[in-house]
Amino acid sequence: QVQLVESGGGLVQPGGSLRLSCARSGRTFSFYMGWFRQAPGKEREFVSAISWNGGYTYYADSVKGRFAISNDNAKNTVNLQMNSLKPEDTAVYYCAATRTNLYGRADAYDLWGQGTQVTVSS
């Protein structure tokens, strides 16, 4: 059974950085790997996605220029480097996989991790 496990969340001050990792166990093809986040009382929103070969990356406008997604197929991991963090980045971050090219739609993803909390506060 394929599973996704996120790590790297925590508490950071505004302007700080965190690096999230998503480890995938098992082998299955995924067209895109994505990161989503959900803040309390808000809907889950798209953050970033990367194609299976790393050739295409996409970002939400709110994180463009601050976050960077990458994958390491040899290690079966996807990483999200988050810089210049803001209090509004506070949320539970989820890693997900989709076999479609609808990288920005949460309902297109059929495999999800359990989430990792990111809190940006002074």
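No experiment lies behind these values; they were computed from the predicted model shown. Residue positions are given per chain, counted from 1 along the sequence in the order it is written. Per-residue local features of the predicted model are confined to residues with pLDDT of at least 70, and side-chain atom pairs are confined, for both listing and counting, to 80 or more; whole-chain, interface and lining totals are unaffected and use all residues. Hydrogens and water are ignored here; the side-chain numbers use all heavy atoms of the structure.

## What about the side chain of N76?
Now for step 1: Put simply, DSSP marks the helices as runs of H or I at least four residues long and the strands as runs of E at least two long, and each gets a number from the N terminus on. Note that N76 resides in the loop between β7 (67-72) and β8 (77-82).
Now for step 2: According to the relative accessible area criterion, N76 is buried, its value standing at 18%.
Now for step 3: Pairs of residues are marked as contacts when any of their non-hydrogen atoms sit within 4.5 Å. Contact partners of N76, with chain neighbours within four places excluded, come to C22, A23, R24 and G26. For the exposure calls, accessible area comes from a 1.4 Å probe over protein chains only, and a residue counts as buried if that area is under 20% of its type's maximum, exposed if over 50%, partly exposed in between.

## Examining the nonpolar core
Now for step 1: Take the buried residues of types Ala, Val, Leu, Ile, Met, Phe, Trp, Tyr and Cys, join any two whose side-chain atoms come within 4.5 Å, and each joined set is a nonpolar core. In this structure, M33, W35, F67, L80, M82 and Y93 are the most contacted members of the largest nonpolar core, which totals 33 residues.
Now for step 2: Of all the secondary-structure elements, those providing two or more residues to this core are β3 (18-25), β4 (32-38), β5 (45-51), β7, β8, β9 (91-98) and β11 (116-120).
Now for step 3: In terms of residues, this core owes the most to one element, β9, which gives five residues.
Now for step 4: Apart from the residues lying within four places of it in its own chain, the contact partners of M33 are L4, C22, R24, S48, A49, I50, I69, V78, C95, A96, A97 and Y109.

## Section: the pattern of salt bridges
Should the charged atoms of two oppositely charged side chains come close, the side chains can pair.
Now for step 1: For this document, the term salt bridge refers to a Lys or Arg side-chain nitrogen within 4 Å of an Asp or Glu carboxyl oxygen. Under the counting rule described, the total for this entry stands at six salt bridges.
Now for step 2: Across the salt bridge formed by K64 and D61, the nearest N and O atoms sit 3.1 Å from each other.
Now for step 3: According to the relative accessible area criterion, D61 is exposed, its value standing at 65%.
Now for step 4: A salt bridge links R99 to D110; the nearest nitrogen and oxygen atoms lie 2.5 Å apart. Here R99 is found in the loop between β9 and β10 (111-112), whereas its partner D110 is found in the loop between β9 and β10, with eleven residues between them in sequence.
Now for step 5: By relative accessible area, R99 is classed as exposed at 56%.

## Thoughts on the state of the cysteines
Now for step 1: Any two cysteine sulfur atoms within 2.5 Å of one another count as a disulfide. On inspection of all chains with the given rule, the structure shows one disulfide.
Now for step 2: Note on cysteine connectivity: C22 is disulfide-linked to C95, with sulfurs 2.0 Å apart. When the S-S torsion is -75°, as for the bridge of C22 with C95, the disulfide is left-handed. Highlighted residues: C22 in strand β3 and C95 in strand β9, separated in sequence by 73 residues.
Now for step 3: Here C22 falls in the buried class, since its relative accessible area comes to 1%.
Now for step 4: Judged by relative accessible area, C95 falls into the buried class, the value being 0%.

## Topic: the packing of aromatic side chains
Now for step 1: Only the six-membered ring of Trp is used, alongside the rings of Phe and Tyr, when aromatic pairs are assigned; centres must lie within 6.5 Å, and planes under 30 degrees apart are stacked while those over 60 apart are edge-to-face, with the rest tilted. Scanning all chains against the criterion turns up ten aromatic pairs.
Now for step 2: Relative to W112, the ring of F36 has its centre 5.2 Å away and its plane inclined at 55°; by these criteria the two rings are tilted. Of this pair, F36 sits in strand β4 while W112 is found in strand β10, placing the two residues 76 residues apart along the sequence.
Now for step 3: Here W112 falls in the partly exposed class, since its relative accessible area comes to 26%.
Now for step 4: Measuring from centroid to centroid gives 6.3 Å for Y94 and W112, while their planes differ by 80°, and the two rings are edge-to-face. One end of the pair, Y94, is in strand β9; the other, W112, is in strand β10, with 18 residues separating them in the sequence.
Now for step 5: Lysine NZ or arginine CZ positioned within 6 Å of the ring centre and within 35 degrees of the ring normal marks a charge as sitting over the ring. Sitting over the ring of Y94, R44 keeps its end group 3.8 Å from the ring centre.

So, to be careful, I would describe these as geometric facts and stop short of saying anything about function.
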